[in-house]
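# Examination of the molecular architecture
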Amino acid sequence: MEYLRSILFLAFAIGGIGLFVRNLLRIRRNILLGKKSNRSDQPSVRLKLMARIAIGQGKMMAKPVAGFFHIIVYLGFLIVNVELIEIFIDGIFGTHRYLGHIIPTQLYNFVTATLDFLAVSVMISVSVFFIRRNITKVPRLNSRDLIGWPKIDGNLILIIEFVMMFALLSMNSADINLQLLDHRETLGYFPISHLILGNAFSGLSVHSLIIIEKSSWWFHYLGILFFMNYLYFSKHLHILFAFPNTYFSNLNKKGQLNSLEAITKEVRSMMDPNIDPYAATPEGTIPEKFGASDATDLSWIQLLNAYTCTECGRCTSNCPANLTGKKLSPRKIMMSVRDRIEDIGKNINKNGIFIEDGKQLLGDYITSEELWACTTCNACVESCPVLIDPLSIIIDLRRYLVMEQSAAPQELNMMMANMENNSAPWQFSQSDRANWIHE
Amino acid sequence: MAEYAAEGKSPEVLFWVGCSGSFDERAKKITKAFASLLQKARIDFAILGQEEGCTGDPAKRAGNEFLFQMQAIMNIEVLNSYEIKKIVTACPHCFNTLKNEYPQLGGEYEVLHHAQFLQNLLYEGRLKVEGGNFKGKKIVFHDPCYLGRANDQYEAPRQVLSALEADLIEMKRCRQNGLCCGAGGAQMFKEPEKGIKDINIERTEEALDKSPNIIATGCPFCNTMLTDGIKVKEKSLQVFVKDLAELLNEAIN
Ligand code: SF4
Ligand code: SF4
């Protein structure tokens, strides 16, 4: 009987973790469909940044209420990972609270009590989040970008977390009652679950308590496996991706847009009088397109950004274009990029290679009206708690519109024509530049 | 600058005027105020005059990297031919582009925004405020995106303004959380997309909420946008939009 339980446990573990790894590898493959970009410089600066922003939750407190409760849920998440060690040992060897037997009682009591306390704190936090999403309706969590799956996803995860934490409490409380009935040796310390559920369980028989305890344990374990695999479909992927994403984030000043080297070569050769303007450019020096029209034209970092986005909407709620009612929403830009690269990935899964599907990021997922509303103010970049850069994507898409399609708004074409002719965005002569001295 | 070079001299600093500062009627006043401050501080400076071209900022942000690089490389050739080391400009867009985007194309200079330059002059005592023209006046400062968020310069303009001994107040959205005036990213040159409101109106309303006497800016584009906003709100007679260089120049005789 006992080893049957172990086999069942292992089968679930292998299935659950296997599926999880397969999905992660698919995401990795999708991300690597993006263009190369080198972010391996300054590793120590990057590590520090990751430690501060992702591990230390450095930007969360910019919104104090959300930040505070998020940090609790995050701590809960870390501790659950520690607990997983014990779940695995007990699950495989059919033991009960194995760690309690090998580490000092004081320490074990401390760890279990912390867990017990965090479980309740997490339940309170996710309830607060649920209320903010559905009852007080915080605007950035209820805007039109989120209609459909994103909204369900946001709620679903809160409910899952709630019931998983509840399973932990009922398991602990059943355990205490068993200990009180002298059915179990005293192991661990669970003040909070006893306070909350102790009375409800105290009249129950040893048999029912064991059932409650075991089924809660299984529920919790299967819940973790389910949660892991749910991540793939969810904005909650950020609990993993926030770490690499902050590590590989942009270290330059926010005002510095990247420079396109292929263009530098071409401009230099155009301006160099010693080069024959009619000579054919050597093969391979010119990229097939300037800027980005599809998700695969973006860099892998921009795609990693898209998978990391938590859909928190901090970017959009600070975007001046969005605040004044324009269609642009930097959060939606990130969500569209993820949708598109996911569609490309599914296409590859199905066909082995990508088969043209008549769609692209620009036009089918993101419209030029959204792109032209951006003031490049960097408010979105500043406000993102996981260091995502929506602006770089907006610029790459604009580059395609302008350099490949000459599809800028008419007034911008005039501005650029002036710049070409007079070296100024307005129709003034360059020879008048110093007139102010004499006026 | 050509004259300096003809005499075989080089100035302490090159004043990069920028397109707005050269041609826009309102912005020319900022240019003159800053030049006057440079003279008051006895700074030996030059301008490129006819040899200056647009830095290319609006082209780059509109997505025309090609045109941007043409502009940049032409400007870099001129700057390098005069062996320019240090540049100051009153436009945050020029400042950002010269400082952050020219080095990749071979243009390496020490670039300062006029707020930083003026802050230094005040600190070194080369400029001194007397008279207290602005005592009791309420000044609210609007952070230009390309000075603040883009380059983390939040304190220099505030330091300059605090030298005026005025009452410096902050809007709800300031510093890192500042709100764009609506002109950046080449928006200055086009009509905004459809929405419920223009960005400059939203920002002007925020500033007016603080009932200031003066809205201070450090960018010619912000200046235009907020001046327009004040006009729409029919406050042109009560509230003035001024560049920090203009304010400082008024405070120093
Ligand atoms: S940079 Fe563009 S998208 Fe980002 S907040 Fe500013 S206007 Fe919005
Ligand atoms: S880009 Fe960043 S700020 Fe915007 S929704 Fe995603 S995680 Fe939040």
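Right above here is the structure, for reference.
Our subject in this report is the structure included herewith. Since we're looking at a predicted model, the values are computed, not measured.

Calculation rules
- Residues numbered from 1 in each chain as written.
- Chains lettered and ligands numbered in written order.
- Predicted model: local features only at pLDDT ≥ 70, side-chain atom pairs only at ≥ 80, totals over all residues.
- Heavy atoms only, no water.
- Pairing = 2+ DSSP bridges.
- Helix = DSSP H or I, 4+ residues; strand = E, 2+ residues; numbered from the N terminus.
- Axes fitted to C-alpha atoms, helices over the stretch in contact; angles between N-to-C directions.
- Patch = residues over 30% accessible without salt bridge, like charges linked within 9 Å, V, L, I, M, F, W, Y side chains within 5 Å.
- Areas by Shrake-Rupley, 256 points an atom, 1.4 Å probe, with all protein chains shown as cover.
- Salt bridge = Lys/Arg side-chain N within 4 Å of Asp/Glu carboxyl O.
- Buried < 20%, exposed > 50% of the residue type's maximum accessible area, 1.4 Å probe, protein only.
- Contact = heavy atoms within 4.5 Å.
- Buried area = accessible area lost by both parts, 1.4 Å probe.
- Polar contact = N/O pair within 3.5 Å; in protein donor to acceptor, adjacent residues only side chain to side chain.
- Expected span 1.5 Å × (residues − 1).
- Bend = angle between axes of the 7 residues up to and from the residue.
- Near = heavy atom within 4 Å.
- Nonpolar A, V, L, I, M, F, W, Y, C, P; charged D, E, K, R; others polar.
- Phe/Tyr/Trp six-rings, centres within 6.5 Å; stacked < 30°, edge-to-face > 60°.

This paragraph deals with the sheet that holds strand 7 (residues 214-217) of chain B. All names here are of chain B. The strand order across the open sheet formed by 4 strands is 6-5-7-8, and the pairing between neighbours is parallel. Edge positions in the open sheet fall to strand 6 (167-169) and strand 8 (240-243), since each of these has one partner strand only. For this sheet, the mean inter-axis angle between neighbouring strands, taken without regard to orientation, is 30°. Bridge count for strand 5 (residues 138-141) against strand 7 is 3 bridges, and the pairing is parallel. Looking at the pairing, valine 140 lines up with isoleucine 215 of strand 7.

This part takes up a nonpolar patch on the surface. Residues and elements named next belong to chain A. A cluster of nonpolar residues, Phe130, Ile159, Phe162, Val163, Phe166 and Phe219, forms a patch on the protein surface that exposes about 490 Å² of accessible area. Per-element accounting of the nonpolar patch gives the leading share, 4 residues, to helix 6 (residues 149-180). Relative to the helices and strands, phenylalanine 130 resides in helix 5 (residues 105-134). Taking the relative accessible area as the measure of exposure, phenylalanine 130 reaches 30% and is therefore partly exposed.

In this complex, chain B contributes 70 residues to the contact, which on the side of chain A involves 57 residues. Around 5700 Å² of area is buried between chain B and chain A when both sides are counted, 63% of it from carbon and sulfur atoms. When the buried area of chain B at its contact with chain A is split by residue, B:Phe23, B:Phe66 and B:Phe189 rank highest and sum to 13% of it. Taken together, chain B and chain A are joined by 4 salt bridges. Salt-bridge contacts for A:Glu439 lead to B:Lys28; the nearest nitrogen and oxygen are separated by 2.9 Å. Run the count over chain B and chain A and you get 34 residue pairs in polar contact (both at pLDDT 80 or more). When contributions to the side of chain B that touches chain A are tallied by element, the ones reaching two or more residues are helix 2 (18-23), helix 3 (25-40), helix 4 (57-62), helix 5 (65-81), helix 6 (92-101) and helix 9 (199-208) of chain B. When residues of the side of chain B that touches chain A are assigned to their parent elements, the largest contribution, 8 residues, is made by helix 5 of chain B.

For the rest of this paragraph, the subject is the sheet that holds strand 1 (residues 13-16) of chain B. Residues and elements named next belong to chain B. One open sheet accounts for 4 strands, arranged 2-1-3-4; its pairing is parallel. The outermost strands of the open sheet, each flanked by one partner alone, are strand 2 (45-46) and strand 4 (110-113). Judged from the 4 bridges that link them, strand 3 (residues 86-89) and strand 4 form a sheet pairing that is parallel. Bridge pairing links threonine 89 to histidine 113 in strand 4.

Residue and element names in this part refer to chain A. For helix 3 (residues 64-93), which comprises 30 residues, the first-to-last C-alpha distance of 44 Å matches the rise-based estimate of 44 Å (1.5 Å per residue) to within 8%. Along its length, helix 3 reaches its greatest deviation from straightness, about 25°, at glutamate 83. One or two residues past the end of helix 3 sits glycine 94, with phi positive at roughly 65°.

Another point: the site of ligand 2. Residue and element names in this part refer to chain A. As a structural note, the neighbourhood of ligand 2 is formed by 13 residues, with Cys309, Cys312, Gly313, Cys315 and Cys384 the closest of them. Among the secondary structure elements, those contributing two or more residues to the shell around ligand 2 are helix 12 (314-318) and helix 14 (330-351). Of the residues that constitute the shell around ligand 2, the class distribution is 8 nonpolar, 2 polar and 3 charged.

Right, let's talk about the site of ligand 1 for a bit. All names here are of chain A. Around ligand 1, the structure places 13 residues, and the nearest of them are Cys319, Cys374, Cys377, Asn378 and Cys380. Counting residues per element, the ones that place at least two in the shell around ligand 1 are helix 17 (379-383) and helix 18 (390-404). Per-class residue counts for the shell around ligand 1 are 10 nonpolar, 3 polar and no charged.

Residues and elements named next belong to chain A. Enumeration over the complete set of coordinates arrives at 24 aromatic pairs over all chains. Where tryptophan 149 meets tyrosine 230, the ring centres are 6.2 Å apart and the plane angle is 65°; that geometry is what we call edge-to-face. Note that tryptophan 149 is positioned in helix 6 and tyrosine 230 in helix 8 (residues 206-230), a separation of 81 residues in sequence. Consider the rings of tryptophan 217 and tryptophan 218, whose centres lie 5.5 Å apart with planes at 80°: the pair is edge-to-face. With respect to class, tryptophan 217 is no different from tryptophan 218; both count as buried. Through a chain of ring-to-ring contacts, three or more aromatic side chains come together here, namely Phe9, Phe12, Phe88, Trp217, Trp218 and Tyr221.

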